Amino acid sequence: EQNRTSLIMIFGATGDLAKRKLFPSLYRLFSKNKMDKFAVIGVARRALSNEDFQRSVKESVISALGNKENLDEFVSHFYYQSHDVADSSSYVSLRKFADQIDENYELEGNRIFYLAMAPEFFGPIALHLKSDGLTDVKGYKRLVIEKPFGHDLESAKELNQQIRSAFSEKEVYRIDHYLGKEMVRNIEVIRFANAIFEPLWNNRYISNIQITSSETLGVEERGRYYETSGALRDMLQNHMMQMVALLAMEPPISLTTDEVRSEKVRVFRSLRTFEGEEVKQYFVRGQYGEGTIQDEKVPKYRDEAMVDKESNTETFVAGKIMIDNFRWAGVPFYIRTGKRMATKSTKIVVQFKDIPMNLYYQPEKMLNPNLLVIHIQPEEGITLHLNAKKAGGHLDAQEVKLSFANTGIHAMNTPEGYEKLLYDCMRGDATNFTHWDEVAYSWAFVDKISEAWEKTKAEFPNYESGTMGPKAADELLEKDGFFWWPVT
Ligand code: BG6
């Protein structure tokens, strides 16, 4: 039986992520009775009383979900400890405090350490947790880590070493919040629970796969971080590559964590790597200029706060990924993601090959290929594009769409995803968290691209805000005889 009793320690408890995502998600789990005995210790630098902390937890739940039942009871499980992440004595008092709460709530020595703070602290905190005895518990101990997991392969390795000296791989939960999204989790079910897709899911029947994750927001207040990251590291290395892996992996022997993760790793191992000059043929970078989004004029990236006036950071990336294995040889996976684009949307389009011969030929009208569209957000569902005769018409084929929409569609950015991930972590299910090997392979892939880009200054800005990115991103497909299927 899964033991969901735990003491959750959130480092960075006064931060944005804790307020916007973690507290509301914990409340939802609480209100659905999905937690057993629990207590939360919020840890952050500033001095704060338990009462003040509880008030702020309550406010963040209300602002995310509205006024809810049993809020006072919920927040009564929350405690606060002011903490200096670099000081051993601070950890020692935290340990005493944790032991005492553990005893009061009978938490059986189960501990979840959630690091919701700047990545430079991940390693040092993990080391201190061990050396100062916080991981000395008789129950389970788990470390939840937010992104970014390193900045490149080198730094990721270093971080991993620090973490792994305190926690085993099984105890590390690396968050990729796309793996908390309902329809991302559905990819596997759509593929492996249907007789009509899996037999076609290969290079004999699929011509290409397109994944778009576009945003309308700009860089907001995150200029400092984003300047060191860019779209390649911020979105592609993690979220986009995870979706590629789920779409491309072989059916696992079973759905256990190890089996699923090892199939994903095999996809990463078959990625064709591009280096140097080659990168240009497969990857396109962009940076937004001024433009209009929802009738509002927005500035160019280089005019955003904490951004270099001459910045060479990409806010858009499109790429053609090749997976060199038996199933996928020859099938391009086109991916694109960017900020300040025309619409906020994440969609996957699987384009099937044309039929051998078109009997329904009409001048100037091609038969549409079959498409399977997986709508990740804002809508959640799937659409299958077929050709059929419309009633009353001649024997001509027209496009019809079979659609399934998830009911109870939630607004964007609800805590939903985090709620599922937190629940998984409490149950000890790491399937939807990234294994170190996945992280390492995808950094190795991405590093080569950024190395090539760093060598030359791009001609930025090269796309207008409110558009679908630079022209070169369209040409990337056009030269293969394809185009991006519209996602709006
Ligand atoms: C985060 C990135 O990981 O994902 C952000 O750091 C980005 O830059 C966000 O805006 C997008 O997530 P979602 O769930 O809104 O698609």
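Preceding block: the structure.
To start, this report covers the structure provided alongside it.

Analysis parameters
Residues numbered from 1 in each chain as written. Predicted model: local features only at pLDDT ≥ 70, side-chain atom pairs only at ≥ 80, totals over all residues. Heavy atoms only, no water. Buried < 20%, exposed > 50% of the residue type's maximum accessible area, 1.4 Å probe, protein only. Helix = DSSP H or I, 4+ residues; strand = E, 2+ residues; numbered from the N terminus. Pairing = 2+ DSSP bridges. Expected span 1.5 Å × (residues − 1). Contact = heavy atoms within 4.5 Å. Axes fitted to C-alpha atoms, helices over the stretch in contact; angles between N-to-C directions. 1 Å grid on protein atoms, 1.4 Å probe; cavity = no way out; pocket = protein on both sides within 12 Å on 5 of 7 lines; lining within 4 Å. Points joined across faces, edges and corners; volume = space filled by probe spheres on them. Nonpolar A, V, L, I, M, F, W, Y, C, P; charged D, E, K, R; others polar.

Let us look at the pairing of strand 13 (residues 345-352). Burial analysis of strand 13 places eight of its eight residues in the buried class, the great majority of the element. With burial as the criterion, each face of strand 13 is covered, one bearing Ser 345, Lys 347, Val 349 and Gln 351 and the other bearing Thr 346, Ile 348, Val 350 and Phe 352. As paired strands, strand 7 (residues 206-214) and strand 13 are joined by eight bridges and run antiparallel to one another. Within strand 13, the position partnered with Ser 214 by the bridge is Ser 345. Sheet topology note: the strand 13/strand 14 (residues 371-377) ladder contains six bridges and is antiparallel. Across the sheet, residue Gln 351 finds its bridge partner in strand 14, namely Leu 371.

The subject of this paragraph is helix 10 (residues 257-269). With 13 residues, helix 10 extends 18 Å between its outermost C-alpha atoms, agreeing within 8% with the 18 Å of an ideal straight helix rising 1.5 Å per residue. Taken as a whole, helix 10 has its buried residues at Thr 257, Val 260, Arg 261, Glu 263, Lys 264, Val 265, Val 267 and Phe 268. Buried positions along helix 10 lie against strand 6 (172-174), helix 9 (230-248) and helix 13 (436-455).

A few words on the pairing of strand 15 (residues 381-388). In this structure, strand 14 lies alongside strand 15, joined through five bridges in antiparallel fashion. What sits directly across from Leu 371, in strand 15, is His 385. Between strand 14 and strand 15, which pair antiparallel and follow one another directly, the connecting turn spans three residues. Across eight bridges, the pairing between strand 15 and strand 16 (residues 398-405) is antiparallel. Residue pairing for strand 16: His 385 is matched across the bridge by Lys 401.

Here we take up the sheet that holds strand 11 (residues 316-321). The strands that make up a sheet are held in pairs by hydrogen bonds between backbone atoms, and each pair lies either parallel or antiparallel. Pairing is mixed in the open sheet, where eight strands are placed in the order 8-11-12-7-13-14-15-16. This sheet does not close on itself; its edge strands, each paired only once, are strand 8 (283-286) and strand 16. Mean inter-strand twist for the sheet, computed between neighbouring axes without regard to direction, equals 10 degrees. Its contacts with the sheet put helix 7 (residues 182-192) on strand 13, strand 14 and strand 15, and the angle it makes with strand 14 is roughly 150 degrees. Strands in contact with helix 9 are strand 7, strand 8, strand 11, strand 12 (333-338), strand 13 and strand 14; relative to strand 12, the strand with the most contacts, it is inclined by about 145 degrees.

Taking strand neighbours across the sheet as the criterion, the three strands line up as 10-9-17 in an open arrangement whose pairing is mixed. The sheet is open, and its two edges are formed by strand 10 (296-298) and strand 17 (463-465), each paired on a single side. Neighbour-to-neighbour, the strand axes of the sheet open up by a mean angle of 25 degrees, direction not taken into account. Summarising the sheet, strand 9 (residues 288-293) and strand 17 pair through three bridges and their orientation is parallel. Note that in strand 17 the partner of Tyr 288 across the bridge is Tyr 463.

With that settled, consider empty space enclosed by the protein. If you walk through the whole model with that rule in mind, you get two cavities of 30 Å³ or more. The volume enclosed by the largest cavity comes to roughly 190 Å³. Where the lining of the largest cavity is concerned, the elements lending two or more residues are helix 9 and helix 13. Tallied by class, the residues present in the lining of the largest cavity amount to seven nonpolar, six polar and six charged. The computed volume of the second largest cavity comes to approximately 30 Å³. Broken down by class, the residue content of the lining of the second largest cavity amounts to four nonpolar, one polar and one charged.

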